Each structure stands twice: as structure tokens, then as C-alpha cells.
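Descriptive analysis of the structure
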Amino acid sequence: MSLSRFRHLPRAAHGPMKCPYQGAPLLGNATYNKGSAHTEEERKQFKLNGLLPPNIQALDEQVDRAYQQYKSRSTDLAKNTFMASMKAQNLVLYHRLLQTHLKEMFSVIYTPTEADAIQDYSRLFRKPEGCFLNIRDQDRIDECLTNFDTGDEIDYIVVSDGEQILGIGDQGVGAILISVAKLVITTACAGIHPSRQLPVMLDCGTNNEELLNDELYLGLRQRRAKGEEYDKFVDNFVKAAKKRFPNAYIHFEDFGLQNAKRILDKYRGEIACFNDDIQGTGCVTLAALMAGLHVSKVPLKEVRVVSFGSGSAGTGIADQVSDAIATEAGIEKSEAMKQIWCIDKQGLLLKSQKDQLTSSQEYFAREDNEWPDGEDIDLLSVIKQVKPHVLIGTSTKPGAFTEEIIREMAKHVNHPIVFPLSNPTRLHEAQPQDITNWTNGRALIATGSPFPPVEHNGTKKEIAECNNSTAFPGIGLGVVLSRSRRLSEKMIVAASKALAAKAPALEDTNKPLLPDVEDVRELSLNVAKAVIQTAVEEGLAQEEGIPGDDDEMEEWIRVQMWEATYRPLERA
């Protein structure tokens, strides 16, 4: 199928690009600036002669030079700052460099290095990027959003209030950088157009004493607002954003434990929205679980899961797994939840704990009469009683999966599926090599951070990383292109199945349970296709002309994925 059939689509970024600038202002605009790659014709037409060295270079030559400059930076934070500076100068070169070295640069432009940049935001500040909304100025939200109504539609909004950033907690106004970083990943991994994105910071204060006492801090110098005032702020933002950008998909990022699920639940039935900490983590973990069950030949409808750590990530994973079980088995979700045992600080979640439970945990609390009187409710006791196929850790308790626990699990199932997911590496519940040793090489493992291969009896086995970036960009692309009214549970399960279908372990059990981030653009296309097909089946898709044929749909999606290439410039 020729791409020409779909070149008329608004996101099919091919052919000449209209440019309203000339001379130095053009070179100062990251969208249009090509630096040394401007052609002779463009240099004449846009009055660039004398502003650039005479040698005209290709994009790949620029990438080589930029990579050498990147490598010369002595620390990861310095490399992060270099990339931010390049992004402000030349958007195409930035994204081509990132795509060329994505696996190497991922930890620099995102976690863990981005956490350092966020902590130092007010001290490293040079040029603002994104939309800053503050709770004292709620009446001007629409006016603020108008600044970003520049002609192109906004497809994708990432918004954070900065309360729970990347494991480093409350970072106030610095959270704008997590919104920016997430959008960079959606472009690199799924071709979401940079000009059709909007990073947003909801500044409602901070409880971080260090920031409150820092004279250079750029955010609101007040304690975090909460309660009715906070809810009104979030609601005013959502309403203004949907009015100004009616087709935008809203991605909530790094909200606090007391707000994340509550906000998602409030809006998920009304608009197309998503929370990566809850749904993204759940989606990619479910994909690894599905691949593991395929290898171990355990039907999804029969799986028993123990989840250790019941915060946003833990309950989000439990939510996605129960959705998948319900879909697969054709049962009510409430029945599917009975196949998942959630544990937190107090032990197994039970109904009688009431006030100790968060709203998310209440769904997974079990009836007390299910548990034998006097039985302990710690992790080892639960493992002995439940005999789970799957053990998932999001507890941030290093070493919580002890040798005794793993060996107990391995007594009852042929292939224990063990996912120590807590980040960073030092907080993992167990080391993959230890899990391998304790199970005599039978365990199927996925982790929350990259780990080297493990070895058993002279054979090396690769370890899957539950990297959300293999999931959320493709989900977002599917929602954006289908213009789905909302993101349904079935759409997320479909995304997980699409990811699981590409697991290298399905062909070779020594390979990982999830595909590598290096293959992420093709993965995102497959995920987007599954999401779109499900949106169509459920009657949620609003976009007209979505192809029904598989091959045609792939081409329809591919042509709308932004590529980091220079387009010819024409005078506007």
C-alpha cells in the first residue's frame, strides 16, 4: 500500500513546510532551524547567508558531530543539560540524535538522570518550556492555554502537580520537566508530533522544605493546597483544556498517592485520559505476565497472583491484571479480583483494616473469613497458603523477596514468575541472579530497571525490563489517531496483548519476557493498532476513515507518525 494514499492527513508530515521567519529569527526557532544543513536555496531565500558557515552538511553528519559533543560531557546531568540545550536549538537534530542512540540515552533524558535535573530545576533554569498554571490564578487558566493555541491542534497533554516525582517525592514547579520528558518519549517511541504536544505544570505549592527555603525557587512559595481548593484547580484545568483543545488526550503524571487514582477515576469515564503510574505500569507488567504464563503453560483465567506493595503502581497492576482475567474468563471483575492477593505494610489487605486502606486498596481487600483464624498475614504466610504462580513487587523494600520466600513459591509451581519492580535498582525486592539460583533456573523474571543477563548451568538468560515506554506512547498514539472518546479497560488489555505477542521469550525461553526499547517504534505501531481496533469495536472511535484492513491500518498509522527528518522550507 503506497503511503501517498494517506499523505493528505493532517499529521502526515511530508513535503515542504511553510516558514514565517527569515534571518537570525529563523535560526533561533527550534522548529525551523536546520543549522549547517540549510540548503543553498534556503540560505538565499531566507536571508541566511553570512549567518552560517559555508559547508552544507547532511543530517547524519550533524548527528555524528552532536554525538561526539554529547560523549564529551563528563556526567549524566551534564549530558542531560546538553540535550535540553540542543532541543531548544534544533528539534529535528535533537530527535534524530535521540532515536539513533535511544537505548544509551534513555536513562539520561528520563529516569534516573531527569530526576537530578528536576531537583535542580530552579538553579539550572535558562528558558521556560511548557505551560505553568498556578492555583492562585485559576481564573486565567484559559488565557494561559491560549498562548499555546498556535494553529496546530494539540493531540497530547502531559500534566503533573509535582507531588510524587520519580521516587524523589515533592518537587514543586520542577515537575514541568517530567511533563516535558514524557512528551519527548512519546515522540521518540511513537511519533507523536512535537508541535502537537503540551507539557503542563499545575503549581499548587510544595511541602518540600528545601524548596520553600530556597531563595532561587521558581514555584509558588506556599504549602500544598488540598481538599476543595485543590480539586477545583484540577477540574478547572481539565475543563479549560478540553474546551480549548477538544481532541487532546490528557496524561496525568506523578500525582500523589491520595490523588492519582481518585483523579483518574473521576475523569476516565468522561474524557480520554490516562495515568502512567497506574495504567502504564499495569499494562507493561500485564504484558510480561501474559508472556510468562504462555511459557509456563498456565491459563490466564487460572492464574494466582500475589502483589507485594499496594501503592499506585501495585494497585494499578492488580487492576490491569483483574481486567485481563475478567475479559479472558468472561467473568465479572469482582470475581477476577479474587485471584489477586495484595499485601502492604500491614500485611495482606483485609476488609477489617478499614481506615488503614486507601481508596485503591479497598477494592482488593479480602474478606476476613477467607483467611484462617490466627494465621499470619505476612508475605511468607500468604505464599504458603496461596501457592501463587506470580509474585510482583512494588514495595521499595530491598531484599523483601528472601531465599525462603522464593524457594517456598518454587515448591508449588514449575516456573515461578517473579517481578521485582521497585526502582531504582537498590530498592529491588531481589536480584535476578539470586532468584535464578534459588529456583534452579526455573524462574521467569522481569524487573523495573535494566539488569545484565543471569547465568545458570553455563547458560545465559536475558532479563526483561518492565519499561513503561514500550506501552504508554503506543497507547497514546492509538487514542490520538482514533480520537477515542475515552480509554477503556479493554483497550489497555488489548495493548498488553499486543506487547506480549512480541515477547522474545515466546520463541526462546532464554530471551526476555518483553521486547527491547530499541524496537519501540514498531512496538508502538502494534500497540496503537490494537488500541484503535478495540476503540472501533467498542464504538468509542470518532475518527472517520479508519481502515478495516490490517495492512492498510498499519500504513495509515505509520504515515501519521512524525519522523525526525528535515523538510524543505517555503516562505509562508
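Here we summarise the structure given alongside this text. (Residues numbered from 1 in each chain as written. Predicted model: local features only at pLDDT ≥ 70, side-chain atom pairs only at ≥ 80, totals over all residues. Heavy atoms only, no water.)

Scanning the protein from N- to C-terminus turns up 24 helices and 16 strands. Rg of the C-alpha trace for the protein: 24 Å, near the compact-globule value of 25 Å for 572 residues, within the 12% margin. Its C-alpha atoms give the protein principal-axis dimensions of roughly 85 × 55 × 50 Å. Partitioning the intrachain contacts of the protein with sequence separation of at least 6 by distance along the chain shows that 71% fall at a separation of at least 24. Total accessible area on the protein is roughly 24300 Å²; 46% of this is exposed by carbon and sulfur atoms. Between the averaged position of the 65 positive side-chain charges in the protein and that of its 81 negative side-chain charges there is a distance of 3 Å. (Helix = DSSP H or I, 4+ residues; strand = E, 2+ residues; numbered from the N terminus. Rg over C-alpha atoms; globule rule 2.2 N^0.38 Å. Contact = heavy atoms within 4.5 Å. Areas by Shrake-Rupley, 256 points an atom, 1.4 Å probe, with all protein chains shown as cover. Lys, Arg positive; Asp, Glu negative; His and termini not counted. Charge placed at Lys NZ, Arg CZ, Asp CG, Glu CD.)

Strand order across the open sheet formed by 5 strands is β2-β4-β3-β5-β6, with parallel pairing between neighbours. The open sheet is flanked by β2 (131-134) and β6 (273-275), the only strands paired with a single partner. Between one strand and the next, the sheet's axes are offset by a mean angle of 20 degrees, whatever the strand orientation. Relative to strand β4 (residues 197-203), strand β3 (residues 156-160) is paired through 5 bridges, and the arrangement is parallel. Pairing of Y156 across the sheet is with Q197, part of β4. Strands in contact with helix α10 (residues 176-190) are β2, β3, β4 and β5 (249-252); relative to β4, the strand with the most contacts, it is inclined by about 160 degrees. In the packing of helix α12 (residues 227-244) onto the sheet, contacts are made with β2, β3, β4 and β5, and the angle to β4 comes to roughly 160 degrees. (Pairing = 2+ DSSP bridges. Axes fitted to C-alpha atoms, helices over the stretch in contact; angles between N-to-C directions.)

Turning our eyes to something else, we now look at the nonpolar core. Counting 126 residues, the largest nonpolar core has I475 and I557 as the members making the most contacts within it. Discounting residues that sit within four places of it in the chain, I557 has contacts with L477, L481, L525, A528, K529 and I532. Counting residues in hydrophobic clusters, the runner-up holds 33 residues, among them L202, A225, I263 and I278. (Core = buried A, V, L, I, M, F, W, Y, C linked by side-chain atoms within 4.5 Å. Buried < 20%, exposed > 50% of the residue type's maximum accessible area, 1.4 Å probe, protein only.)

A word on unusual backbone geometry. For the peptide bond that leads from T111 to P112, omega is 10 degrees, which places it in the cis range. Among the structural elements, P112 can be located in the loop between α6 (102-109) and α7 (113-119). You will see that T396, though not glycine, has its phi angle at about 60 degrees, which is positive. For T396, the location among the structural elements is in the loop between β10 (390-393) and α19 (403-412). Residue T396 is classed as partly exposed on the basis of its relative accessible area, which comes to 43%.

Of all 5 residues making up β3, 5 are buried, and the element is well covered by its neighbours. The side-chain alternation of β3 yields two buried faces, one formed by Y156, V158 and S160 and the other by I157 and V159. The pairing of β3 with β5 spans 4 bridges and is classified as parallel. Bridge pairing in β5 links I157 to I250.

One open sheet accounts for 7 strands, arranged β9-β8-β7-β10-β11-β12-β15; its pairing is mixed. Looking along the sheet, the strands with just one partner apiece sit at the ends: β9 (347-348) and β15 (464-465). Note that β10 and strand β11 (residues 417-420) share 4 bridges and pair parallel. When the sheet's bridge partners are listed, V390 is paired in β11 with I417. Along the sheet face, helix α14 (residues 276-296) touches β7 (305-308), β10, β11 and β12 (444-447) and points at about 155 degrees away from the line of β11.

Moving on: the pattern of salt bridges. Tallied over the full model, the rule gives 37 salt bridges. With a shortest N-O distance of 3.0 Å, R262 and D231 are connected by a salt bridge. One end of the pair, R262, is in helix α13 (residues 260-267); the other, D231, is in helix α12, with 31 residues separating them in the sequence. Among the residues examined, R262 registers a relative accessible area of 35% and is labelled partly exposed. Owing to a relative accessible area of 28%, D231 belongs among the partly exposed residues under this scheme. Put simply, R268 and D265 hold a salt bridge, and the shortest N to O gap is 3.2 Å. Since its relative accessible area comes to 13%, R268 is described here as buried. We classify D265 as partly exposed; its relative accessible area is 31%. Via salt bridges that share partners, R11, D155 and R196 belong to a single interconnected network. (Salt bridge = Lys/Arg side-chain N within 4 Å of Asp/Glu carboxyl O.)

The geometry of α12 relative to α13 is characterised by a closest axis approach of 12 Å and an angle of 45 degrees between their N-to-C directions. Compared by their axis directions, α12 and α13 come out oblique. Note on packing geometry: the crossing formed by α12 with α13 is right-handed. On the side of α12, the interface is formed by Y230, D231, V234, D235 and V238, while α13 contributes R262, I263, K266 and Y267. Classifying every residue of the contact of α12 with α13 by side-chain character gives 5 nonpolar, no polar and 4 charged. (Parallel < 35°, antiparallel > 145°, perpendicular 65-115°, else oblique. Left-handed = near helix turned anticlockwise from the far one by under 90°. Nonpolar A, V, L, I, M, F, W, Y, C, P; charged D, E, K, R; others polar.)

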